[in-house]
Amino acid sequence: MVSLRILRAGPGTTIQDQGRRGYLRFGVSESGPMDWIGHARANILAGNAPGVAALEIGIGGIELQAEGGPVWIGHAGAPFDLARNGTALPSCGRTRLQEGDRLTVKTAAQGSWFYLSPAGGIVASPVLGSLATNLRTGLGPPPVTAGTVLSLGSPAQELTTELICPIDAPADLPRTVRVVPGPQDDYFSTRELARFFAETYRVSAQGDRMGYRLEGPPLRHARGFNIVSDAIALGAIQVPGDGTPIVLMADHQPTGGYPKLGHVIRADIGRLAQCRPGTDVRFAPTSVRAARVELLAALDYLKAMLDRAERREADLSSERLLSVNLVSGVYE
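Owing to the predicted nature of the structure, the values given are computational and were not obtained by experimental measurement. (Residues numbered from 1 in each chain as written. Predicted model: local features only at pLDDT ≥ 70, side-chain atom pairs only at ≥ 80, totals over all residues. Heavy atoms only, no water.)

This next bit is on the environment of Gln16. Mapped onto the elements, Gln16 comes out in strand β2 (residues 14-16). The residues touching Gln16, leaving out its near neighbours within four places in the chain, are Ser31, Gly32, Pro33, His39, Val52, Ala53, Ala54, Glu56, Leu131, Ala132, Thr133 and Arg209. Looking at Gln16, its side chain comes within polar contact range of the main-chain oxygen of Thr133, at 2.7 Å. (Helix = DSSP H or I, 4+ residues; strand = E, 2+ residues; numbered from the N terminus. Contact = heavy atoms within 4.5 Å. Polar contact = N/O pair within 3.5 Å; in protein donor to acceptor, adjacent residues only side chain to side chain.)

This is the structure in structure tokens:
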């Protein structure tokens, strides 16, 4: 069977599919990718469905080797440095690994999360219908470490060309992170909410896949900071008693008892996830309707992504070259 052998992996390298949907009411977090657009791009480039399980790689990077035959890999996310057998590759694209080839991913100046999606997907035993790994609860496949061997499925389609993609998805654009206010924005005065949207915050080093703490002016509660615990959704901005906002991310808890002043919109959550500790970020209020428009725009981008990719032949053997017409015409 074709597989990928992990030679080196930084801490926090995990397998993530679209998430463990439908179990929040039973106290089980969804998990899934931190940057869902980067994850979907890697899958689409590999010829997989957008939610298929892929490798999520943090700033520790990874090195792996193809075994048992050739492997096509879609790669996207932060602009990390990639190399195949020491030769640099574009950070976003599709690459073919021959048996024995090594692929190395190293962190660069920006971004926190990178995705590798092998064509055919990763074969593993699902937990509650998902291959998403939650390190806090231990649900899903174990963390990916040196020595892990990942079995791969059969590609859904025949791939013949490598791809290079521009890094200009909606989640990559340098914009303020947009927030839909509520449901407990009334626990803050109008002045305090305006101050939150006017100030610049900094992503704290006290953060992980569960949540990103923001450093900046503390927010004062107008009606106390304890509420009856209710459901937590991805992107919720929870404000505990010390007034420090926390944006809840992929491994967020199912319920919480602090007021939530708003939610980061789905189209922007990946960009926030890619912010490293020390990154300045600003927020802007928006509406549910506008958030939906931005989400549809992101989905449309993913649908059209392959049309914008630059193609290059992966097989330049003499047999392949002799099988195609390399002469456009003859001139006297």
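Quick look at the sheet that holds strand β23 (residues 283-285) now. Pairing in this open sheet of eight strands is mixed, and the strands run β22-β15-β16-β19-β18-β21-β14-β23 from one edge to the other. Only two strands of the sheet have a single neighbouring strand rather than two, namely β22 (280-281) and β23. As judged from the three bridges shared by strand β14 (residues 177-181) and β23, these two strands associate in the parallel manner. The residue of β23 that forms the bridge with Val177 is Phe283. (Pairing = 2+ DSSP bridges.)

The element strand β4 (residues 62-67) is largely enclosed, with a buried count of five among its six residues. The pairing of β4 with strand β9 (residues 102-106) spans four bridges and is antiparallel. Considered in β9, the bridge of Glu63 is made with Thr104. (Buried < 20%, exposed > 50% of the residue type's maximum accessible area, 1.4 Å probe, protein only.)

With that out of the way, let us pick up the packing of aromatic side chains. Using the criterion set out here, one finds six aromatic pairs in the structure. Considering the side-chain rings of Phe196 and Phe197, the 5.1 Å spacing of their centres and the 70° angle between planes classify their relative orientation as edge-to-face. You'll find Phe196 and Phe197 in the same group, each marked buried. Arranged with centres 6.5 Å apart and planes meeting at 40°, the rings of Phe225 and Tyr258 form a pair that is tilted. A residue pair is termed long-range when its members are at least 10 positions apart, and Phe225 in the loop between β16 (211-215) and β17 (230-231) and Tyr258 in the loop between β20 (255-256) and β21 (260-264) qualify at 33 residues. Given a relative accessible area of 32%, Tyr258 falls into the partly exposed group. Clustering of aromatic rings is evident, with ring pairs tying together Phe196, Phe197, Tyr201 and Phe283. (Phe/Tyr/Trp six-rings, centres within 6.5 Å; stacked < 30°, edge-to-face > 60°.)

Inspection of every chain in the model, using the stated rule, returns 15 salt bridges. Across the pair Arg84 and Glu162 runs a salt bridge whose closest N-O atoms are separated by 2.6 Å. Remark: Glu162 occurs in strand β13 (residues 161-164) and Arg84 occurs in strand β6 (residues 81-84); sequence separation between them is 78 residues. Assessed through its relative accessible area of 4%, Glu162 is described here as buried. Linked by salt bridges that have partners in common, Arg178, Asp268, Arg271 and Glu294 make up one network. (Salt bridge = Lys/Arg side-chain N within 4 Å of Asp/Glu carboxyl O.)

What follows covers unusual backbone geometry. The amide bond that connects Gly182 to the next residue, Pro183, takes the cis arrangement and shows omega of 5°. If you trace the backbone, Pro183 turns up in the loop between β14 and α2 (190-198). Phi angles above zero are rare outside glycine, and Ser31 is one such case at about 60°. By the element assignment, Ser31 lies in the loop between β2 and α1 (36-45). Looking at Ser31, the relative accessible area reads 6%, which means it is buried. Unusually for a residue other than glycine, Asn85 sits at a positive phi of about 55°. Along the chain, Asn85 falls in the loop between β6 and β7 (87-89).

Right, let's talk about the packing of α1 against helix α4 (residues 288-304) for a bit. It is at 10 Å that the axes of α1 and α4 come closest, and there the two elements cross at 20°. Considering their axes alone, α1 and α4 lie roughly parallel with respect to each other. Considering only the axes of α1 and α4, their crossing is right-handed. Contact residues: Trp36, Ile37, Ala40, Arg41 and Ile44 in α1; Leu295, Ala298, Leu299, Tyr301 and Leu302 in α4. Considered class by class, the residues forming the contact of α1 with α4 number nine nonpolar, no polar and one charged. (Axes fitted to C-alpha atoms, helices over the stretch in contact; angles between N-to-C directions. Parallel < 35°, antiparallel > 145°, perpendicular 65-115°, else oblique. Left-handed = near helix turned anticlockwise from the far one by under 90°. Nonpolar A, V, L, I, M, F, W, Y, C, P; charged D, E, K, R; others polar.)

Taken as a whole and judged by the stated rule, the model has zero disulfides. In this model Cys165 remains outside any disulfide bridge; the closest cysteine sulfur is found in Cys92, 4.4 Å from its own. Of all cysteine sulfurs in the structure, the one in Cys92 sits closest to Cys275, which takes part in no disulfide; the separation is 18 Å. (Disulfide = S-S within 2.5 Å.)

Below, the discussion takes up the sheet that holds strand β1 (residues 3-9). A sheet is described by the order of its strands in space; here seven strands give the open sequence β7-β6-β9-β4-β1-β12-β11, paired in antiparallel fashion. Single-partner strands in this sheet number two, and they are β7 and β11 (122-123). In this structure, β1 lies alongside β4, joined through six bridges in antiparallel fashion. Within β4, the residue paired with Arg5 across the bridge is Gln65.

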